[in-house]
Amino acid sequence: MTCRSRNYFPGFVRMHELAITQSMLDLVLEQAEKAGAREVGKINLVIGEMTGVVDDCIKFYFDFLSKGTLAEGATISLKMVPTVAQCRDCLKSFELKEFDWTCPYCQGYDIKIIAGQELFVESMEVE
Ligand SMILES: [Zn+2]
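**With respect to the overall build of the protein**
In terms of helices and strands, the protein carries two helices and six strands. Its helices and strands taken in sequence order, the protein reads α-β-α-β-β-β-β-β from the N to the C terminus. Expressed as a percentage of its 127 residues, the buried residues of the protein come to 24%. In the protein, the share of contacts with a sequence separation of at least 24, taken over all contacts with a separation of at least 6, comes to 73%.

**Observations regarding the sheet that holds strand 5 (residues 111-115)**
Pairing in this open sheet of three strands is antiparallel, and the strands run 4-3-5 from one edge to the other. Of all strands in the sheet, those with a lone pairing partner are strand 4 (93-95) and strand 5, marking the two edges. Going across the sheet, the axis of each strand differs from the next one's by a mean of 35 degrees, ignoring polarity. Note that strand 3 (residues 84-87) and strand 5 share four bridges and pair antiparallel. Residue pairing for strand 5: C87 is matched across the bridge by I111.

Analysis parameters
Residues numbered from 1 in each chain as written. Predicted model: local features only at pLDDT ≥ 70, side-chain atom pairs only at ≥ 80, totals over all residues. Helix = DSSP H or I, 4+ residues; strand = E, 2+ residues; numbered from the N terminus. Buried ≥ 20, exposed ≤ 12 C-beta atoms within 10 Å, placed from the backbone. Contact = placed C-beta atoms within 7 Å. Pairing = 2+ DSSP bridges. Axes fitted to C-alpha atoms, helices over the stretch in contact; angles between N-to-C directions.

As structure tokens, this is what we get:
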């Protein structure tokens, strides 16, 4: 199993899958314990494309880190969110492709990111 890095957006700090998976697991376990769960069935994650996080790596680390916890054997469902930007000049929004930081409508450079930086646990199922 390899965790090949992917970085479409140089300049943004790439997050580390191991650290992300650990904090995600901590959060899940905290919630599961609060709910008095016996086990965690499914975890729904939302990951923005811009974070550079590789879904296979998350799953790989999760299997490793969750051993012996309530979340062992849980299914991880990942929803990838494409990077979307909005042009400050013409106010149109568009999907941002790698290395292309210009507005396709007016060719302006003054754009801001409005989606693609997400990284959170959307919901989880416990028993
Ligand atoms: Zn524009």
